[in-house]
Amino acid sequence: MQKGLYERAEQYFRACFQTDTAAALPLGTLLERREAYAEASDVLSQCRSAECYSCRARCLSALQQWDSAAAVAATAIEMGATASPMATMALCESAAGHHTNARSWAQKAVDADPDNARNWTVLGVVAYRKGADAEALRHFRKAVQLDSNNIDACYNLGVTYTLRGNFETAIVTLRNGLRRHPQSIRLYSALGRAYRLRSDPGRASQCYDAILSIDSVNLDAWLSLGEICRERGEYEQAQSYYQKCIRIDPAYTPAHKALGLNYTQWGDYTKAIRAYQKAVQIDDTDADTYLLIAQLYSRQGNSQREQNAYKKAARLGSRPARQWLVSHGLSW
């Protein structure tokens, strides 16, 4: 580990872990480093130290398992750990929309360890989620200044630049991160998004191909490749990418939904309806899918089914659906 030979170190710690749970923390730390958060959490669950609880809480928060992350972080704090689990508590509170509590936890983490890049990153995430973009950007910059090797700091700074339309700076930031972490799926994904928004689908596709060379069943990468093809009007190729997603996970709703949109643009409304219907069979709480169904029935001139779909979307909270119904003198 000290020499940066992380793959070899992981092999040794895996061998140790079979008979000695003391290897849980270094092995879990290495797994966290390469974004294998679920496996890291499983490994760290075999250890009862404050450091292991802190690391496991970080991994659970990365998986967006907020309740579990908060419970594990609270245990770490009870055992005497400070900055890391406090930062995790901030993320959990922020995800729940409790911005005041989130800010308090994040500030406690920074106060406990002001030289830790993750703490400043979390403070930035909390600021961003409450709408303070400029403040978030300052905190992310601070995090990268403290530790340019921190994946979270590079990722969040790059994404923020992307969202602000500063694509060139975003790309430089994310590529710098990838030079240090060439196997980071998160950084490749963020870079691909920046290239897409900069209208450079060729380089975006290279990013998603790189992800698939690391993880051949990454659904987001296959879906993104399909989206690029659909935007180019390459509907047959897009269809193959979406169907690849469905073969990997038949319950992956975004692929069914994207397939419906692809068939719609391709002009095959019958297959589009089937794809959308499959999507709502899996997830009947997605108002946007019902909205797409309504728009498709409108193209077909089927007013009754159009109204029914708009009503379902409206009941799920879709503002455009409600506006359409009101404009036509209908209720939901």
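Each chain has its residues counted from 1, running along the sequence as written. This being a predicted model, a pLDDT of at least 70 is required before a residue's local features are given, and a value of 80 or more before pairs of side-chain atoms are given or counted; all residues contribute to the totals for chains, interfaces and linings. Side-chain figures throughout are based on the complete set of non-hydrogen atoms in the structure, without hydrogens or water.

Novice: Residue-level account of the state of the cysteines, with values.
Specialist: A covalent bond between the sulfur atoms of two cysteines is referred to as a disulfide. We call a pair of cysteine sulfur atoms a disulfide whenever their separation is within 2.5 Å. Scanning the model with the defined rule gives one disulfide in all. Covalent S-S linkage joins Cys47 and Cys52, the inter-sulfur distance amounting to 2.4 Å. Taking the sign of the S-S torsion, 85° for the link of Cys47 and Cys52, the bridge is right-handed. What makes Cys47 buried here is its relative accessible area of 15%. Any residue under 20% of the maximum accessible area for its type is buried, any over 50% is exposed, and the rest in between are partly exposed; the area is computed with a 1.4 Å probe on protein chains only.

Novice: Mind laying out the nonpolar core, listing which residues take part and the relevant values?
Specialist: Here, nonpolar core refers to any group of buried Ala, Val, Leu, Ile, Met, Phe, Trp, Tyr and Cys residues whose side-chain atoms link them within 4.5 Å. With 54 residues, the main nonpolar core has Leu191, Tyr208, Cys245, Ile293 and Tyr310 as its most contacted residues. Residue contacts follow a heavy-atom distance rule, with two residues in contact if any of their heavy atoms lie within 4.5 Å. With residues up to four places along the chain from it excluded, the contact list for Leu191 reads Ile171, Leu174, Arg175, Leu178 and Cys207. Core analysis: the second largest hydrophobic core is formed by 24 residues, Ala90, Val122, Leu123 and Ala153 among them.

Novice: Just give me the short version of helix H2 (residues 24-33), but keep the residues and values in it.
Specialist: Note on conventions: DSSP H or I runs of at least 4 residues are helices, E runs of at least 2 residues are strands, and numbering of each starts at the N terminus. Across the ten residues of H2, seven count as buried, placing the element largely inside the fold. Those residues of H2 not exposed but buried are Ala24, Pro26, Leu27, Gly28, Leu30, Leu31 and Glu32. Trailing H2 by a residue or two, Glu35 shows a phi angle of about 70°, which is positive.

Novice: Tell me what's going on with the side chain of Glu135, and back it up with residues and numbers.
Specialist: Along the chain, Glu135 falls in helix H9 (residues 133-146). Among the polar contacts made by the side chain of Glu135, one reaches the side chain of Arg103 at a distance of 2.4 Å. In this structure Glu135 touches Arg103, Ala127 and Lys130, once residues within four positions along its chain are discounted. For the purposes of these results, a polar contact is taken to be a pair of N or O atoms within 3.5 Å, where, inside protein, one atom must be able to donate a hydrogen and its partner to accept one; residues adjacent in sequence count only when each atom of the pair is a side-chain atom.

Novice: Tell me about unusual backbone geometry, residues and numbers included.
Specialist: A positive phi angle, near 70°, is found at Glu35, a position not held by glycine. Take Glu35: it is sitting in the loop between H2 and helix H3 (37-44). Taking the relative accessible area as the measure of exposure, Glu35 reaches 15% and is therefore buried. A positive phi angle, close to 60°, is found at Gln64, a residue other than glycine. Relative to the helices and strands, Gln64 is located in the loop between helix H4 (50-62) and helix H5 (66-78). Residue Gln64 is classed as exposed on the basis of its relative accessible area of 56%.

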